Amino acid sequence: DLKRVLVDTLDVTALLREGGNTIVLEVGDGWYRGRMGFADRTRIYGDRSGALAQIDTEDGVLVATDASWRGGFGATRTASIYDGSDIDLRLAPDGVHETGFDDGAWTAAEVIEADLSRFEPRSAPPVRTVAELPMRRTERDGSVQFDAGQNVSGWVRLVVRGREGDVVTIRHAEILEPSGDLHTAALRSAKATDSYVLASDGETTLEPRFTFHGFQHAEVTGAEVVSATAIAISSDLPVRSTFRSSSGALDQFHSNVLWSQRDNFVSVPTDCPQRDERLGWTGDALAFAPTASTLMDAESFWRGWLLDLEADQTDEGGVASVVPDIIRRSDMLMGGVTVDNMGRAAWADAATFVPWAVYTAGGSDEVLRQQLRSMRRWVEHLRRRAGDEVLLPTEPFQYGDWLDPDAPGERPWEAKVSSDYVANAFYVHSARLLARAESLV
């Protein structure tokens, strides 16, 4: 169920010119109806994509989307966060950004009814380019490989030299096999591949649309590569701390943590930047929130995500394992049995842990005021589950001490530590954090 639609506001004054102006909106599937999650789901929030835009001036609305707009298709043929983009530059509508563009072959836009009360301003910084890294080149039989020297979330900007109709393909991976080939097994079903059909002879600059990859290495075929640059993206959060020591290994460790935050803070706090997942796992967020809030000024980022967490809470106050929650019960198979992703200890407790981590890092109680109702609902949910007992009952499934090295490879929840112990330890601490928040606000 779609509960929040975020709206961006941009100052476009410098883009306007005397006389006629043209607005072009390009729409992709994204999380809304694209392939997301390890269950290969599509159309999670709806099956029709649309765009809402208007230009405001001091005198009022200058122009806004309505039934008078027209639409068609451009160079981007497919675009998937997991799989990459297929772009045929020969199909780019010539002159589409000019007022004289002939849109006669396009169709009239259809107005889609929407609940405007769900629309609200984006409160967190947008995703932007945070670094551009030159890539080191290695020639191989039939292809050329590039190394960014650093794992990033983003894409490769290629400058190639070829001929009209040439197909340029670029595949991405975080590491290489001992043979030197790209290691793609960790991607699971994600193709992480961008392809382009060149529209003209000579040099062309190539960048994908509506996708990003987690990678350090890339392999290019199909044309002569003039240059390759790794474009790193992230939610544009200010760095608020630095670290330097006499140990090179420790300094590198700190750098790895910082880059992991950049790579996994692409709009939501994800578990990984590369495979067919990249979801906002609440357990990962809970564990990393104190560190993330120390390394970067992340309060607005967390507050935006916590609003999504609350929007996804059940009527009984249960909190999802993934926010935004795109998981269905049939998606979660543990030992051949489907399990509920709602209300799992150390994941759902993000409802109390993350607001407290943000408050501790920044000192402002605004996040506690914003999330107090959500925190109360979560702790009350746990209290009801305990019933007349002090402790939570044994339940069919808990993540427990997930990924205990001694747990069976296919059953990572079967840890040495009792899941009941873990669940009740988090229950106690969530109740303690709520009490502290109540005393402050």
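Okay, so let's go over this structure. A quick note: this is a predicted structure, and the numbers were derived from the prediction, not measured. (Residues numbered from 1 in each chain as written. Predicted model: local features only at pLDDT ≥ 70, side-chain atom pairs only at ≥ 80, totals over all residues. Heavy atoms only, no water.)

1. What to know about the overall build of the protein
When its secondary structure is counted, the protein shows seven helices and 20 strands. Rg of the C-alpha trace for the protein: 24 Å, near the compact-globule value of 22 Å for 441 residues, within the 12% margin. When the backbone C-alpha atoms are referred to their principal axes, the protein occupies close to 75 × 60 × 50 Å. Considering the protein as a whole, with its 441 residues, one finds that 43% of them fall into the buried category. For the protein, contacts bridging at least 24 residues in sequence account for 74% of all contacts bridging at least 6. Only carbon and sulfur atoms are counted for the fraction: they give 50% of the accessible area of the protein, which is about 23000 Å². Between the centroid of the 44 positive side chains of the protein and the centroid of its 69 negative side chains there is a distance of 3 Å. (Helix = DSSP H or I, 4+ residues; strand = E, 2+ residues; numbered from the N terminus. Rg over C-alpha atoms; globule rule 2.2 N^0.38 Å. Buried < 20%, exposed > 50% of the residue type's maximum accessible area, 1.4 Å probe, protein only. Contact = heavy atoms within 4.5 Å. Areas by Shrake-Rupley, 256 points an atom, 1.4 Å probe, with all protein chains shown as cover. Lys, Arg positive; Asp, Glu negative; His and termini not counted. Charge placed at Lys NZ, Arg CZ, Asp CG, Glu CD.)

2. Overview of helix α5 (residues 350-362)
For α5, spanning 13 residues, the distance from its first C-alpha to its last is 18 Å, which sits close to the expected 18 Å at 1.5 Å a residue. Burial analysis of α5 places 10 of its 13 residues in the buried class, which makes it a mostly covered element. For α5, the full list of buried residues reads A350, A351, T352, F353, V354, P355, W356, A357, V358 and Y359. Close packing links the buried residues of α5 with α3 (282-295), α4 (299-311), α6 (366-386) and α7 (419-440). One or two positions beyond α5, positive phi appears at G363, with a value near 85 degrees. (Expected span 1.5 Å × (residues − 1).)

3. As for helix α2 (residues 248-264)
Taking 1.5 Å per residue as the helical rise, α2 with its 17 residues ought to reach 24 Å, and the 24 Å between its terminal C-alpha atoms agrees with that figure. H254, V257, L258, W259, Q261, R262, D263 and N264 are the residues of α2 that are buried. Looking at the buried side of α2, the elements it contacts are β9 (127-134), β11 (143-162), β16 (224-235), β17 (265-266), β18 (268-269) and α3.

4. So, the packing of aromatic side chains
Any two aromatic rings considered together are summarised by their centre-to-centre distance and by the angle between their planes. Under the definition given, this model contains 15 aromatic pairs. A ring pair is formed by F265 and F301, whose centres lie 4.2 Å apart and whose planes are at 10 degrees; its orientation type is stacked. With F265 in strand β17 and F301 in helix α4, this residue pair connects regions lying 36 residues apart in the sequence. Looking at F265, the relative accessible area reads 3%, which means it is buried. Between the aromatic rings of W302 and W305, the centroid separation amounts to 5.8 Å while the plane-to-plane angle is 70 degrees, which identifies the pairing as edge-to-face. (Phe/Tyr/Trp six-rings, centres within 6.5 Å; stacked < 30°, edge-to-face > 60°.)

5. As for the environment of V358
Within the fold, V358 resides in helix α5. Judged by relative accessible area, which is 3%, V358 ranks as buried. Considering only alpha carbons, one finds V358 and T291, 67 residues apart in sequence, at a separation of 10.0 Å. With residues up to four places along the chain from it excluded, the contact list for V358 reads S293, E299, W302, G363 and V367.

6. Some thoughts on the side chain of R278
Residue placement: R278 occurs in the loop between β18 and α3. Despite its burial, R278 pairs with no opposite charge, the nearest such side chain being D83 at 7.4 Å. A polar side-chain atom of R278 sits 3.0 Å from the main-chain carbonyl oxygen of Q274. Ignoring sequence-local partners within four residues, the contact set of R278 consists of W31, I81, Y82, F212, H213, T270, D271, C272 and P273. (Salt bridge = Lys/Arg side-chain N within 4 Å of Asp/Glu carboxyl O. Polar contact = N/O pair within 3.5 Å; in protein donor to acceptor, adjacent residues only side chain to side chain.)

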